[in-house]
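So the chains spell out like this:
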Amino acid sequence: MERCGDCQACGGSETVFRRGLKEREPDYVVALAGNPNTGKSSIFNWLTGLHQHVGNWPGKTVSRAEGGFVYQGRAYRLVDLPGTYSLLSASEDEEVARNYLLFGRPDVAVVVADATALERNLNLFFQVIEILPDVILAVNLMDEARRKGLQVDTRKLAQRLGVPVVATSARTGEGLMELVDTIDRVATGVLRPQPKRPDPDPELESAVNRLVEKILQLAPGLPNARWVAYRLLEGDLRIQRALLEGELLELARRERKPVRGVSVLSGKI
Ligand SMILES: Nc1nc2c(ncn2[C@@H]2O[C@H](COP(=O)(O)OP(=O)(O)O)[C@@H](O)[C@H]2O)c(=O)[nH]1
Ligand SMILES: [Mg+2]
């Protein structure tokens, strides 16, 4: 068994967790999403240690941090997305986060939520599960929540949401090895999240299906055509233009899963 490369992280127990990728190409890519100040970067730092690459998203002023870890012999690349409250508005941060989830197509997305403001944080979670099924909810700042006398029933929450929920505290390290293990089980398909979305309205569904057909005629093979259909129904003119001008397909082509080398993110939708 591989020995733990950083004994502070795992309490000195013999394990198979090591921070950093050391030139290894990742087997899986994990995106970290969340509202600002939920402890996303703290979790990212804990998981990746000092082995990070920090730059900007191409063509943007938004900073981009990437790092990795190895667990059970499998290499994981972590991408820290900009903190956002939503994925729908036009700010540069939201655009970067949304484009990466839509077209970078990470294997797993971890949504980091603040345990002391869970309800507000779930808004972003519901937007992420619209795009990707393989989502884990990390309920962070658990130490703060406890201090305020708040309790979070992660089991019930996981049942309600249909995805794994892990209680964490990036400050104390609580739950972070469990998060690593959960990421690994979701990435390898041992655990299959089945996010529960609100029941669809039949009329809306049939309109969406018709639109998806048309979208795929315009942009064959476009990932997430359903998401695009919803935006068109909402009257999102930027998406409409990007679709008609072939920009969406171009983005999808460029931003495919960054398994070899670093992904490139640019373009405006
Ligand atoms: N008490 C406590 N503080 C935390 C925890 N996680 C992060 N913080 C603190 O919360 C602040 C925001 O954290 P940061 O990682 O920058 O959040 P981000 O904006 O989501 O990347 C920092 O001062 C962290 O030290 C936690 O689990 N418990
Ligand atoms: Mg941050």
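See above for the structure.
Residues numbered from 1 in each chain as written. Chains lettered and ligands numbered in written order. Predicted model: local features only at pLDDT ≥ 70, side-chain atom pairs only at ≥ 80, totals over all residues. Heavy atoms only, no water.

A. Broad picture of the packing of aromatic side chains. Within the structure shown, the criterion is met by six aromatic pairs. Between tyrosine 28 and tyrosine 76 the ring centres are 5.4 Å apart and the planes differ by 25 degrees, which places this aromatic pair in the stacked class. Here tyrosine 76 lies in strand β5 (residues 74-80) and tyrosine 28 lies in strand β2 (residues 28-34), a separation of 48 residues in the sequence. Seen from their ring centres, phenylalanine 69 and tyrosine 76 are 5.1 Å apart, and the 20 degrees between their planes marks the pair as stacked. Across the ring face of tryptophan 46, the terminal group of arginine 19 is positioned such that the distance to the ring centre comes to 4.9 Å. It is arginine 231 that lies over the ring of tryptophan 227; its NZ or CZ is 4.7 Å from the centre. (Phe/Tyr/Trp six-rings, centres within 6.5 Å; stacked < 30°, edge-to-face > 60°. Helix = DSSP H or I, 4+ residues; strand = E, 2+ residues; numbered from the N terminus. Lys NZ or Arg CZ within 6 Å of the ring centre and 35° of its normal.)

B. Looking closely at the site of ligand 1. Residues in close proximity to ligand 1 total 15 residues, the closest being Asn37, Lys40, Ser42, Asp143 and Ala170. The contact in question runs from a nitrogen atom of ligand 1 to an N or O atom on the side chain of aspartate 143, over 2.7 Å. One of the side-chain nitrogen or oxygen atoms of arginine 171 is found 3.3 Å away from an oxygen atom of ligand 1. Relative to its free-state accessible area of 570 Å², ligand 1 is covered by the protein chains to the extent of 73%. Within the residue set of the shell around ligand 1, elements represented by two or more residues are α2 (40-48) and α5 (142-147). (Near = heavy atom within 4 Å. Polar contact = N/O pair within 3.5 Å; in protein donor to acceptor, adjacent residues only side chain to side chain. Areas by Shrake-Rupley, 256 points an atom, 1.4 Å probe, with all protein chains shown as cover.)

C. Seen up close, the nonpolar core. Of all hydrophobic cores here, the largest spans 53 residues; its most connected members are Leu81, Leu101, Phe125, Leu137 and Val139. Counting residues per element, this core draws most heavily on helix α4 (residues 118-131), at seven residues. If we ignore the near neighbours within four places in the chain, the residues touching leucine 137 are Val111, Ala113, Leu122, Phe125, Leu157, Leu161, Val163, Pro164, Val165 and Val166. Counting residues in each nonpolar core, the second largest holds 27 residues, with Val16, Ile43, Trp46 and Phe69 among its members. (Core = buried A, V, L, I, M, F, W, Y, C linked by side-chain atoms within 4.5 Å. Buried < 20%, exposed > 50% of the residue type's maximum accessible area, 1.4 Å probe, protein only. Contact = heavy atoms within 4.5 Å.)

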